[in-house]
Amino acid sequence: MHFEITHEFDIPLDALELAVISPSLMEKLAHRLQNVESVQQKEHVLMDGRLERVWSYRANVRLPAFAKSYVTPEMMAWDEKSTYVISKHRSDWTITPHVKPEWRKYFSAAGTYSLSDLASGRTKRTVSGNVELRVPVFSKVVEKLIVGEVKKTFDAEAETLRELATLV
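These numbers come from a predicted model, not from an experiment.

Here we look at the confidence of the model for the chain
Atom-level detail of predicted coordinates should not be read off regions where pLDDT is low. Confidence in the prediction of the chain, expressed as mean pLDDT, is 91, and 97% of residues score 70 or more. Confidence, read as mean pLDDT per element, is least for helix H3 (residues 139-167) in the chain (89) and greatest for strand E1 (residues 2-9) (97).

Following this line, the structure appears as structure tokens:
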């Protein structure tokens, strides 16, 4: 399932970008993530105009009845790895679930995150990606639920970026 999430900010690109690459973004974002039990920054390396970042999540969501007998707690945790290139104002990201390696073939999520200038010193952020669950029967329903949670996360991040960018 493909998705695209956009937010516009009344903040210049350079100020917003400083918030995006800030090592304190995760700390400021965490309390806004209502369906996340825990989140931690495992890696944050800014070198040669590139940010390599890994955030680790553990969800705290109410599972639909049909999923309870199939979904284990480890399936509700994942790492988000991204590489942000400052000169391009863009990153590529991937999600790796905390499941046995042989189970990873059943799920994939990857995409891009970009900032672009708008008129009057404003900035647009676009997050696009694909989520694919390769299991029989309920995959499309679950993909829609996942994308809904992804949107909530990026809405929360937008609010956090607004807060951080005005402090920079």
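Considering the packing of aromatic side chains
Applying the stated criterion across every chain yields a total of 3 aromatic pairs. When the centroid spacing of 5.1 Å and the interplanar angle of 10 degrees are considered together, the rings of Tyr57 and Trp78 count as stacked. Within this pair, whereas Tyr57 is found in strand E3 (residues 50-59), its partner Trp78 is found in strand E4 (residues 77-85), the two being separated by 21 residues in sequence. Given the relative accessible area of 22%, Trp78 is considered partly exposed.

Topic: the sheet that holds strand E6 (residues 107-118)
Sheet strands pair via backbone hydrogen bonds, and the direction of the pair is either parallel or antiparallel. Sheet architecture is open: 7 strands sit in the order E1-E7-E6-E5-E4-E3-E2, paired in antiparallel fashion. In this open sheet, the two strands that pair with only one neighbour each are E1 and strand E2 (36-47). With direction set aside, neighbouring strand axes in the sheet form an average angle of 15 degrees. Its contacts with the sheet place helix H1 (residues 13-20) against E1, E3, E4, E6 and strand E7 (122-133), and it is angled at close to 150 degrees to E6.

Reading the values: the criteria
Residues numbered from 1 in each chain as written. Predicted model: local features only at pLDDT ≥ 70, side-chain atom pairs only at ≥ 80, totals over all residues. Heavy atoms only, no water. pLDDT = per-residue confidence, 0-100. Helix = DSSP H or I, 4+ residues; strand = E, 2+ residues; numbered from the N terminus. Phe/Tyr/Trp six-rings, centres within 6.5 Å; stacked < 30°, edge-to-face > 60°. Buried < 20%, exposed > 50% of the residue type's maximum accessible area, 1.4 Å probe, protein only. Pairing = 2+ DSSP bridges. Axes fitted to C-alpha atoms, helices over the stretch in contact; angles between N-to-C directions. Contact = heavy atoms within 4.5 Å.

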